Amino acid sequence: MAEQLRTEEMILNMGPHHPSTHGVCRLILTLDGEVIKNCVPVVGYLHRAIEKMVENRTYAQCIPLMDRFEYVTSMSCDWAFCLAAEKLTEITVPERAEYLRVIMAELNRIASHLVFMGVTAMDLGALTPFLYGFREREMIMDLFEMTCGQRLTYNYIRIGGVSKDIPPEFIGQCRHFLDIFPGKIKDYEKLLLKNPIWIARNRGIGIITEQMAYDYAISGPNARASGVNFDLRKDDPYSIYNRFEFDIPVLNGCDCYDRYIVRLEEMRQAARIIRQALDQLPGGEIRAKVPLKFKPEIGELYSRIENSRGEMGVYLVSDGSTKPFRLRARGGSYNHLQAIPDIVRGLKIADMVAIFASLDIIMPEIDR
Amino acid sequence: MELAPVFTWLYGLLLSLGLGTSVADLISLVALAVIVFGFLAVVALFLVWWERKVSAHIQQRFGPMMTGWHGVFQTIIDALKLLQKEDITPALADRKVFFWAPVICFVCAFAAYVVMPFGKGLIVSDLNIGILYIVAITTFTIISLLMAGWGSNNKYALLGGMRSAAQAVSYEVPLVLSLLGVVMVTGSMSMNDIVAGQAGWGGFHWNALFQPLGFLIYIIAATAEANRTPFDLPEAEQELVAGFNIEYSGMKFAMFFLAEFVNMFTVSAIAATVFLGGWNGPLLPSWVWFLGKTLAMVFVLMWFRWTYPRLRVDQLMEFAWKVLVPLAFLNILYVGVMAKWLKW
């Protein structure tokens, strides 16, 4: 009887409008019941041609565009771009500006990981951590708002420094946040990590082996959860990161569970960095003298920083004019999305959602 | 204040008007149906509001605050809005199946209350197979979900419907087995007898105290029956967008929605009646005890929902067949031995 029944594979278009594709990613899934036989990601629904638009704008005008390159951690995107431009011209950034950049970027890393934490839990059906994560993120957003007036796309890091100095009440409020935050991370851990359902949904799901991480050039927390000890802040220190003491959490689980823990631990380490930076914060200028018509030397270079989603690189070509000749930005998510079809084959739809969330893929970074 | 004498007096009033018993019976039956329906409609509306409030406070929000005191009228406004919405049937849907699915879901959700003892003497009909009837009629809900999934001609809905069928088949078994322990001790399937069996100890001779394992199994299986997190796979929002009801709009959607909350109230009411002593209790009127226990159970289900993540569909099956069913058999063995040995 069983062999007479005709069964068919079903093709399911997951997205571009789907609650758990974090933006507008379209995944063409071939399903046998609930089992994924094949998965083809289709990107491009959020394409804004940032890399092309940049070519018609002056360097200062590029920064707001870079904000939108990846709007969950736009501080880092600004920084990557400014770093490239500064390296081309060999501008020395004032000490205070460097410290402010580190503080802001690490705060933004925490904010981004909080979004990750909440959204991942929500994708697995636990709706409450999302609100908890956003509660703490709100405090960071307030800090950003009092500094540069923006809450999402900051345009704060400028070529040669930062746009504004921090207001006097910033340090007290930031320290208050750092004081309560470790307790909050403990709360997040207590909420889910020992929950048998959470473990069943995440342990051993979405395995990215160390070799796969190298093959797909997976970077950031995702690589570090696969046993790859690589963090640009330690391995290719930019700015002043070599002055701070912090650890790089590396786990060997290679699964969704460890990717979650790595990020929770990274938030702790980021808080540590901010605390040290606040202690060492010097006075002085916040911006080097940069001419209004900023013209870098003729040349090209690739500069990279550690974003919350992995390696954020900017390849900048300058022809000596006020506008960049060519810009190519690299975000971590593109490589992470590429790995998905390999990981999900043979798993269930629900696992697909868990894996997508645990890789912390964000679409604007992919489509640009 | 007990409510049963009021109904007896009203029935007497009907008879004293000179109506025959058959006519009086008919009128009282219709009246009871309307009363139960009205009560449940209010309960469903209340539960929607309560769920929003509970979730809001768990998540450090306020929830609805604008319409009425702390937003108590919010669900009424929402229901009115849904009434006005256009009722859309997808072009390629199986129209009959699509139409009847929410109706069956709604009717089955309400039909379970025929044998529910709301208080002392407050039962529409004390069937001698009461608990079996409830189990049977609530299972029909699953057919409606399957119909909705199939009739919508939508892939997400189909997956949701299939999931619900698989889930129902799996969890019905431990659910019934856990209820069986109580039936064995009581020696009757009538809901009134089950409540009467727990009347000792000043109303605290609860079955849950004697069969904690059975109670636990019931709660877990009931959560799955009511499609609540961690077992809300048929409507898993993050995977299937909305699951079986994705194509429904307007009043049909409202029927599914209200039926879901009535179902939650049903499984809680069964838990309260079968395991937590029903309407037995000192001092307060019986119906207050019933409502209090039921709402406490509802709160527990809501608490689950806003705390736990969701299981995966194969894990759900494994858990039912490899954990809950063996445990339920163990519970039956335990109840049998204890009943024989300790003369429960």
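All values reported here derive from a predicted model rather than from experimental measurement.

## What about the overall build of chain B?
Regarding its fold elements, chain B presents 14 helices and zero strands. Beginning at the N terminus, the succession of helices and strands in chain B can be written as α-α-α-α-α-α-α-α-α-α-α-α-α-α. Compactness check: chain B gives a C-alpha radius of gyration of 21 Å against a globular reference of 20 Å for 344 residues, within 12% of the reference. The dimensions of chain B, computed from C-alpha atoms along their principal axes, are 55 × 55 × 40 Å. Per-residue burial over chain B gives 45% buried out of 344 residues. Within chain B, contacts between residues separated by at least 24 positions form 77% of all contacts whose residues are at least 6 apart in sequence.

## Notes on the overall build of chain A
For chain A, the count of helices and strands is 14 helices and eight strands. Against the compact-globule benchmark of 21 Å for 368 residues, chain A has a radius of gyration of 21 Å, which places it among compact chains. Considering only C-alpha atoms, chain A reaches an extent of 80 × 45 × 35 Å along its principal axes. For chain A, the residues scored as buried account for 49% of the 368 residues in total. Counting only contacts in chain A whose residues sit at least 6 apart along the sequence, the fraction spanning at least 24 positions is 69%.

## Some points on helix 12 (residues 332–344) of chain A
Residue and element names in this part refer to chain A. Over its 13 residues, helix 12 runs 19 Å from end to end, which matches the ideal 18 Å to within 8%, given 1.5 Å per residue. A maximum bend of about 25° is found in helix 12 at Gln338, where proline Pro341 lies one to four positions downstream. Taken as a whole, helix 12 has its buried residues at Gly332, Ser333, Asn335, His336, Leu337, Ala339, Ile340, Ile343 and Val344. Remark: Gly346 follows helix 12 within two positions and exhibits a positive phi of approximately 90°.

## Overview of the interface of chain B and chain A
Facing the 23 residues of chain B at the interface are 26 residues of chain A. When its residues are assigned to classes, the side of chain B that touches chain A shows ten nonpolar, six polar and seven charged.

## Quick word on the confidence of the model for chain B
Detail in the predicted coordinates should be disregarded across regions flagged by low pLDDT. All names here are of chain B. Of all residues in chain B, 97% attain a pLDDT of 70 or more, and the chain-wide mean is 83. Ranking the elements of chain B by mean pLDDT puts helix 11 (residues 237–240) last with 64 and helix 10 (residues 212–225) first with 88. Scored as a whole, the predicted complex attains pTM 0.83, and scored at its interfaces, ipTM 0.75.

## Re helix 2 (residues 59–67) of chain A
Every buried residue of helix 2 of chain A is listed here: A:Tyr59, A:Cys62, A:Ile63, A:Leu65, A:Met66 and A:Asp67. Contact partners of the buried residues in helix 2 of chain A: helix 1 (50–53), helix 3 (74–89), strand 4 (157–158) and strand 8 (324–330) of chain A.

## A word on the pairing of strand 8 of chain A
Looking at chain direction, strand 7 (residues 310–318) of chain A and strand 8 of chain A are connected through six bridges and run antiparallel. Opposite A:Gly313, over in strand 8 of chain A, you have A:Arg330 as the bridge partner.

## Points about the sheet that holds strand 7 of chain A
Pairing between sheet strands relies on hydrogen bonds along the backbone, with the strands arranged either parallel or antiparallel. Residue and element names in this part refer to chain A. Strands sit in the order 6-7-8 across an open sheet of three strands; the sheet is antiparallel. Across the chains shown, the open sheet's two edge strands, defined by having one partner strand only, are strand 6 (299–307) and strand 8. Each strand of the sheet is rotated relative to its neighbour by a mean of 15°, with strand direction disregarded. Here strand 6 pairs with strand 7 via nine bridges, running antiparallel. Looking at the pairing, Ile305 lines up with Met312 of strand 7. Lying over the sheet, helix 3 contacts strand 6 and strand 7, oriented at roughly 150° with respect to strand 6.

## A look at the environment of B:Phe231
All names here are of chain B. Looking at the secondary structure, you find Phe231 in the loop between helix 10 and helix 11. Accessibility expressed as a C-beta count within 10 Å gives 27 for Phe231, which makes it buried. Each C-alpha atom of the pair Phe231 and Arg312 lies 8.6 Å from the other, and the pair is 81 residues apart in sequence. Those residues in contact with Phe231 that lie beyond four places of it in its chain are Gln167, Thr223, Ala224, Leu311 and Leu316.

## As for the environment of B:Thr294
All names here are of chain B. On the secondary structure map, Thr294 appears in helix 13 (residues 286–305). The exposure class assigned to Thr294 is buried, which follows from the 25 C-beta atoms found within 10 Å. C-alpha separation for the pair Thr294 and Thr266, spaced 28 residues apart in sequence, amounts to 8.6 Å. When sequence neighbours within four positions are dropped, the list of residues in contact with Thr294 reads Phe265, Ser268, Ala269 and Ala272.

## Notes on the packing of helix 5 (residues 128–148) of chain A against helix 6 (residues 169–192) of chain A
All names here are of chain A. Orientation of helix 5 relative to helix 6, taken along the N-to-C sense of each, is 165°, at an axis distance of 11 Å. With respect to each other, helix 5 and helix 6 are oriented roughly antiparallel. In the crossing of helix 5 with helix 6, the sense of the turn from one axis to the other is left-handed. Note on element contacts: helix 6 touches helix 5 through Phe170, Gln173, Cys174, Phe177, Phe181, Lys184, Tyr188, Leu191 and Leu192, opposite Pro129, Tyr132, Glu136, Met139, Ile140, Leu143, Met146 and Thr147. Its residues assigned to classes, the contact of helix 5 with helix 6 comprises 13 nonpolar, two polar and two charged.

## Points about the sheet that holds strand 3 (residues 35–42) of chain A
All names here are of chain A. Pairing is antiparallel across the open sheet formed by three strands, whose spatial order is 1-2-3. With one partner strand each, in any of the chains shown, strand 1 (10–14) and strand 3 form the two edges of the open sheet. Here the average twist between neighbouring strands, direction ignored, is 20°. By the bridge criterion, seven bridges tie strand 2 (residues 26–32) to strand 3 in an arrangement that is antiparallel. Opposite Leu31, over in strand 3, you have Ile36 as the bridge partner.

## Some remarks on unusual backbone geometry
Residues and elements named next belong to chain A. With a phi close to 60°, Ala49 is a non-glycine residue in the positive phi region. Along the chain, Ala49 turns up in the loop between strand 3 and helix 1. Positive phi outside glycine occurs at Ser239, with the angle close to 50°. Following the sequence through the fold, Ser239 ends up in the loop between helix 10 (232–235) and helix 11 (256–280). Under the C-beta neighbour-count criterion, Ser239 is labelled partly exposed, with 17 such atoms within 10 Å.

## Topic: the nonpolar core
With 195 residues, the main nonpolar core has A:Ala80, A:Phe81, A:Ile355, B:Tyr218, B:Ala221, B:Val262 and B:Ala271 as its most contacted residues. The dominant element in this core, judged by the number of residues it contributes, is helix 4 (residues 95–123) of chain A, at 17 residues.

## Some words on the packing of helix 4 of chain A against helix 5 of chain A
Each packed pair of helices is defined by two parameters, the angle between the axes and the distance between the axes. All names here are of chain A. Here helix 4 crosses helix 5 at 165°, and the two axes come no closer than 8 Å. The angle between helix 4 and helix 5 places the two elements in the roughly antiparallel class. Here helix 4 runs over helix 5; the crossing is left-handed. Residues Leu107, Ile110, Ala111, Leu114, Val115, Met117, Gly118, Val119, Ala121 and Met122 of helix 4 pack against Pro129, Phe130, Tyr132, Gly133, Phe134, Glu136, Arg137, Ile140 and Leu143 of helix 5. Tallied by class, residues from the contact of helix 4 with helix 5 come to 15 nonpolar, two polar and two charged.

Parameters and conventions
Residues numbered from 1 in each chain as written. Chains lettered and ligands numbered in written order. Predicted model: local features only at pLDDT ≥ 70, side-chain atom pairs only at ≥ 80, totals over all residues. Helix = DSSP H or I, 4+ residues; strand = E, 2+ residues; numbered from the N terminus. Rg over C-alpha atoms; globule rule 2.2 N^0.38 Å. Buried ≥ 20, exposed ≤ 12 C-beta atoms within 10 Å, placed from the backbone. Contact = placed C-beta atoms within 7 Å. Expected span 1.5 Å × (residues − 1). Bend = angle between axes of the 7 residues up to and from the residue. Nonpolar A, V, L, I, M, F, W, Y, C, P; charged D, E, K, R; others polar. pLDDT = per-residue confidence, 0-100. Pairing = 2+ DSSP bridges. Axes fitted to C-alpha atoms, helices over the stretch in contact; angles between N-to-C directions. Parallel < 35°, antiparallel > 145°, perpendicular 65-115°, else oblique. Left-handed = near helix turned anticlockwise from the far one by under 90°. Core = buried A, V, L, I, M, F, W, Y, C linked by C-beta atoms within 7 Å.

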